[in-house]
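Spelled out, the chains give:
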Amino acid sequence: MISTIILSDKEEKVLKNYLEEQVEFRVLAETDDSDKIYDAVKELSSAVLFVNLDFIEEDFHFISSLTDRYKDLRIIAYTQTPSVDLMIKTLRAGASALLSVPFLKSEFDTAIDKVKNELLHKQKEKSKCRIITVFSNKGGIGKTSVASNLALELAKITREDVALVDLNFQLGDVTTFWDLKPTFDLTYMVNNPEKLNKDFLLNTLERYKNTSLHILADPPYFKGADNISSKQILGLLGALKSAFSYVVIDTSAGFDDKTMTAVRNSDLTLLVTVANLPALRNTQRCLELFEAEIQDKDSVQVIVNRYMENDEITIEDMEKLLTRHIFDKVPNNYFTMMSAINKGVPVSEINKDSNVAKAYKALALRVSDFVYRLK
Ligand SMILES: Nc1ncnc2c1ncn2[C@@H]1O[C@H](COP(=O)(O)OP(=O)(O)OP(=O)(O)O)[C@@H](O)[C@H]1O
Ligand SMILES: [Mg+2]
């Protein structure tokens, strides 16, 4: 969450409306007292300040003294009389952008995206936790299988606390995969944000046997799920970050707000596909969409599920089609996968020497190393 302050002598309704659409931003204060800004910013780890340049009478010294002093502060100035000269002076003083009034949505979006990316990136660097989202825009492709088994293998390999979160609200199936009857589900968590501290999370999230894997299940009733907002998901992810080393998110097959919130806030998104043309075309579209949203191309990687050596479409074909390296593959093994689901246990418990169990372990090793090398 990025705290935002507005410095102006009048109420900036349009600006506030635009900011309300941004889940990552929260307007903390509106003030016409520039002296108060120093004290407010001092208390914040990162912040964005909107400055009415006409009101401060183009006091560039004020802007540069703030940006010099607070490295994680971004300033967006705005004026009714924009000019190239003013733009140069504003940017030289260290502001991130100069907007013209009346505000243009496109100008606002460009400026806000720039500061958002910079600040969220910094926040991520400070946190030890890595968030991994498993996604596909097609149903039944193996998201839950990958997310569940990857989360367990990560916990086993690293021995660190791993959370598996089911964001698949309509047809959530993580609980079925693990044969669990959770006492606390996601609805409870997001409706009680004040309780979400490290101790509470580690103690209440269902633990899988004696491993360090903790499972946060899907809400049992659809009704509650509909009311969960992206903002609440963001709050939940923030809390999970403080308690776990890895958070693995299972998603539903669509680009809804909650899924996109997870993707935008993940260190790594694993896009699951299979070796057939319709699935690959979908993956292609999905990559295009994600790449427009995400700064670091490496933070989205493709996994081929149900892979068979003698498939008509080879890995090379897929790489050519997607113009991307395939991150990893999980072999097709219907029998082992089905017995695991039917018994409600991970595949390694059905047969740890099976090709799928080995593949999930290798995937976890690769992921645990890769996420720490990402920018
Ligand atoms: N590597 C595999 N080999 C064989 N079958 C698999 C493999 N991975 C998954 N399956 C099977 O595919 C089916 C769908 O898997 P899964 O539930 O993980 O998909 P999903 O993408 O989560 O589906 P949904 O969109 O419904 O959430 C399951 O019956 C599972 O057993
Ligand atoms: Mg699923």
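Residues numbered from 1 in each chain as written. Chains lettered and ligands numbered in written order. Predicted model: local features only at pLDDT ≥ 70, side-chain atom pairs only at ≥ 80, totals over all residues. Heavy atoms only, no water.

Undergrad: If you had to explain helix α6 (residues 143-158) to someone new, which residues and values would you point to?
TA: Turn by turn, an α-helix covers 3.6 residues, leaving residues three or four places apart pointing in a common direction. Under the 1.5 Å per step criterion, the end-to-end length of α6 is 22 Å for 16 residues, consistent within 8% with the ideal 22 Å. Most of α6 sits inside the fold, with 13 of its 16 residues counted as buried. (Helix = DSSP H or I, 4+ residues; strand = E, 2+ residues; numbered from the N terminus. Expected span 1.5 Å × (residues − 1). Buried < 20%, exposed > 50% of the residue type's maximum accessible area, 1.4 Å probe, protein only.)

Undergrad: Which residues make up unusual backbone geometry, and what are the values?
TA: Cis peptide bonds are those with omega within 30 degrees of zero, and the linkage from Val101 to Pro102 qualifies with 0°. Relative to the elements of secondary structure, Pro102 occurs in the loop between β5 (97-100) and α5 (105-126). Residues other than glycine seldom take positive phi values, yet Lys209 does so here, at roughly 45°. One can find Lys209 in the loop between β8 (206-207) and β9 (213-216). The backbone of Arg306 sits at a positive phi, close to 55°, despite the residue not being glycine. Its location among the elements puts Arg306 in strand β12 (residues 300-307). Judged by relative accessible area, Arg306 falls into the partly exposed class, the value being 40%.

Undergrad: Describe the environment of Lys71, with residues and values.
TA: Mapped onto the secondary structure, Lys71 falls in the loop between α3 (60-69) and β4 (73-79). Taking the relative accessible area as the measure of exposure, Lys71 reaches 56% and is therefore exposed. In the structure, Lys71 is positioned 24 residues away from Ala47 in sequence and 9.8 Å away in space, judged by C-alpha atoms. A polar atom in the side chain of Lys71 sits 2.9 Å from the backbone oxygen of Asp68. (Polar contact = N/O pair within 3.5 Å; in protein donor to acceptor, adjacent residues only side chain to side chain.)

Undergrad: Pulling in residues and values, what's your account of the nonpolar core?
TA: Core analysis: the biggest nonpolar cluster contains 43 residues, and Ile132, Leu164, Trp178, Leu213 and Val367 have the highest contact counts within it. Per element, the largest residue contribution to this core is nine residues, and it comes from helix α17 (residues 355-373). Not counting residues within four places of it along the chain, the set of residues in contact with Trp178 comprises Ser148, Leu152, Leu164, Tyr208, Leu213, Ile215, Gly344 and Pro346. In this structure, Leu186, Leu216, Ile233 and Phe244 belong to the second largest nonpolar core, which totals 24 residues. (Core = buried A, V, L, I, M, F, W, Y, C linked by side-chain atoms within 4.5 Å. Contact = heavy atoms within 4.5 Å.)

Undergrad: Hey, could you go over the sheet that holds strand β2 (residues 25-31) for me, with residue numbers and the actual values?
TA: Within a sheet, adjacent strands bond to each other through the backbone by hydrogen bonds, running parallel or antiparallel. Strand order in the open sheet formed by five strands is β2-β1-β3-β4-β5, with parallel pairing between adjacent strands. The sheet is open, and its two borders are formed by β2 and β5, each paired with just one other strand. On average, adjacent strands in this sheet sit at an angle of 25° to one another, irrespective of strand direction. When strand β3 (residues 47-52) meets β4, the two strands line up parallel, connected through six bridges. Each bridged residue has a counterpart across the sheet, and for Asn52 the counterpart in β4 is Tyr78. Contacts from helix α1 (residues 13-20) reach β1 (2-7), β2, β3 and β4 within the one sheet, and its direction differs from that of β1 by about 175°. On the sheet, helix α2 (residues 34-42) packs against β1, β2, β3 and β4 and is oriented at approximately 170° with respect to β1. (Pairing = 2+ DSSP bridges. Axes fitted to C-alpha atoms, helices over the stretch in contact; angles between N-to-C directions.)

Undergrad: Tell me about the domain arrangement of the chain, and please be specific about residues and values.
TA: When the domains of the chain are assigned, the result is domain 1 (2-124) and domain 2 (129-373). Of note, the centres of domain 1 and domain 2, computed from C-alpha atoms alone, are 36 Å apart. Between domain 1 and domain 2, the residue contacts involve five residues of the former and ten residues of the latter. One can count zero salt bridges joining domain 1 with domain 2. Where domain 1 meets domain 2, there are zero residue pairs in polar contact (both at pLDDT 80 or more). (Domains from an automatic or database assignment. Salt bridge = Lys/Arg side-chain N within 4 Å of Asp/Glu carboxyl O.)

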